Amino acid sequence: MRFNEKELVCLSRQPSEMAAELGMRGPKKGDVVKRRLVKLVVNFLFYFRTDEEEPVGALLLEQCRVEREDTQIFSVAFLDDAERKYLFECDSEEQCKEWIDSIIKASYEFMRRNLIFYRTEIHRLTGKDPLEQYGISEETRFQVNSGSQLMARDTSSL
């Protein structure tokens, strides 16, 4: 996926769901932990040098896995490139859990699964498709499967 650098910089300045200074180690061999300001905006994880306003980089939080590595450390690894793994060191175990939960909930796939689940539940309870009034009842990516239940999946994989 391609992104315009100016648009990403603009997005990085939007209000964030979470922001904190974390230790961060990139995916390259020999990378060391550096203190970075990390901001979660929509489904992007921006990271900044602590004294600069423009991001050093951004991670699109799709098709990735978020895992706890230690009590205060979590990682973000991409499914199409297992070697591309970023480590983040938090100040506390609770902060680590908050980051993991927020990153999981930021993905498009998580929101899509929730939409399908709630659409199915409303359809089951009322017999009506709640999205029909918006003209998207024929959308296959949001289909309600009559009589079938959604299976719970591992939410640590985005």
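Let me begin by describing the structure that accompanies this report. Just so you know, the residues in each chain are numbered from 1, in the order the chain's sequence is written. Only residues with pLDDT of at least 70 get local features here, since the model is predicted, and only at 80 or more are side-chain atom pairs given and counted; chain-wide, interface and lining totals rely on the full set of residues. The side-chain values count all of the structure's non-hydrogen atoms but skip hydrogen atoms and water molecules.

Before going further, it helps to spend a moment on the packing of aromatic side chains. Planes of paired rings set the category: under 30 degrees apart is stacked, over 60 is edge-to-face and the rest tilted, where pairs are Phe, Tyr or Trp rings (Trp by its six-membered ring) whose centres lie within 6.5 Å. Within the structure shown, the criterion is met by four aromatic pairs. Residues F44 and F46 carry aromatic rings whose centres are separated by 5.7 Å and whose planes lie at 25 degrees to one another, so their mutual orientation is stacked. Think of it in three bands: residues with accessible area under 20% of the maximum for their type are buried, residues over 50% are exposed, and the middle band is partly exposed, with areas taken using a 1.4 Å probe on protein chains only. On the basis of relative accessible area, F46 is assigned to the buried category, the value being 1%. Between the aromatic rings of F78 and Y86, the centroid separation amounts to 6.4 Å while the plane-to-plane angle is 85 degrees, which identifies the pairing as edge-to-face. Residue classification places F78 among the buried residues on the basis of a relative accessible area of 5%.

Take the nonpolar core next. To define a nonpolar core, start from buried Ala, Val, Leu, Ile, Met, Phe, Trp, Tyr and Cys residues and group those joined through side-chain atoms within 4.5 Å. L45, F74, F88 and W99 are the most contacted members of the largest nonpolar core, which has 25 residues in total. Helical segments are the DSSP runs of H or I of at least four residues, strand segments are the runs of E of at least two, and each set is numbered from the N terminus. Taken together, the elements giving at least two residues each to this core come down to strand 1 (18-25), strand 2 (34-41), strand 3 (44-49), strand 5 (64-70), strand 6 (73-78), strand 7 (81-89) and helix 2 (93-106). Ranked by residues supplied to this core, first place goes to helix 2 with six residues. Within the second largest apolar cluster, five residues are counted, among which are L8, V41, F46 and F48.

Moving on to the layout of surface pockets. Using a 1 Å grid laid over the protein atoms alone, points where a 1.4 Å probe fits but cannot get out form a cavity; open sets with protein on both sides within 12 Å along at least 5 of 7 lines form a pocket; any residue with an atom within 4 Å of a point counts as lining. Grid points are joined across faces, edges and corners, and a volume is the space filled by probe spheres set on the points. Roughly 350 Å³ of internal volume is contained in the largest pocket. If you trace the largest pocket, you find 18 residues lining it, with F3, L8, A58, L59 and L60 closest to the centre. Listing elements by their share of the lining of the largest pocket, those giving two or more residues are helix 1 (5-12), strand 3 and strand 4 (57-60). Here the lining of the largest pocket is built from residues that sort into 11 nonpolar, two polar and five charged. Polarity classes work like this: nonpolar for Ala, Val, Leu, Ile, Met, Phe, Trp, Tyr, Cys and Pro, charged for Asp, Glu, Lys and Arg, and polar for all others, with Gly in that last group.

What follows is about helix 3 (residues 108-126). Expected helix span is computed as 1.5 Å times (number of residues minus one). Relative to the 27 Å expected for 19 residues at 1.5 Å per residue, helix 3 spans 26 Å between its end C-alpha atoms, a close match to the ideal helical length. Turning to helix 3, its buried residues number three or more, namely E109, F110, R113, I116, R119 and T120. G127, located one to two residues past helix 3, shows a positive phi value of around 80 degrees.

Let us look at the sheet that holds strand 1. Pairing between strands is defined by DSSP: at least two bridges between them are needed. With respect to topology, seven strands assemble into an open sheet ordered 4-3-2-1-7-6-5, the strand pairing being antiparallel. In this open sheet, the two strands that pair with only one neighbour each are strand 4 and strand 5. Neighbour-to-neighbour, the strand axes of the sheet open up by a mean angle of 35 degrees, direction not taken into account. Relative to strand 4, strand 3 runs antiparallel, the two sharing four bridges. Considered in strand 4, the bridge of Y47 is made with G57. Angular values range over 0 to 180 degrees, each being the angle between N-to-C directions of two axes fitted as lines to C-alpha atoms, with helices fitted over their stretch in contact.

A patch consists of residues whose relative accessible area exceeds 30% and which take part in no salt bridge; residues with like charges are grouped when within 9 Å of each other, and nonpolar side chains (Val, Leu, Ile, Met, Phe, Trp, Tyr) when within 5 Å. Areas reported here follow the Shrake-Rupley algorithm with a probe of radius 1.4 Å; residue values treat only the protein chains shown as occluding. Here a salt bridge means any side-chain nitrogen of Lys or Arg lying within 4 Å of a carboxyl oxygen belonging to Asp or Glu. On the surface, F117, Y118 and I122 cluster together to form a nonpolar patch covering roughly 300 Å² of accessible area. Relative to the assigned elements, I122 resides in helix 3. The partly exposed category is assigned to I122, whose relative accessible area is 39%.

Our next topic: the pattern of salt bridges. The tally for this structure, following the rule as stated, stands at nine salt bridges. Residues D101 and K97 are paired through a salt bridge, measuring 2.8 Å at the closest nitrogen-oxygen approach. Taken as a pair, D101 and K97 lie in helix 2 at a separation of four residues, close to a single helical turn. Here the salt bridges do not stand alone but share partners, grouping E21, R35 and D91 into one network.

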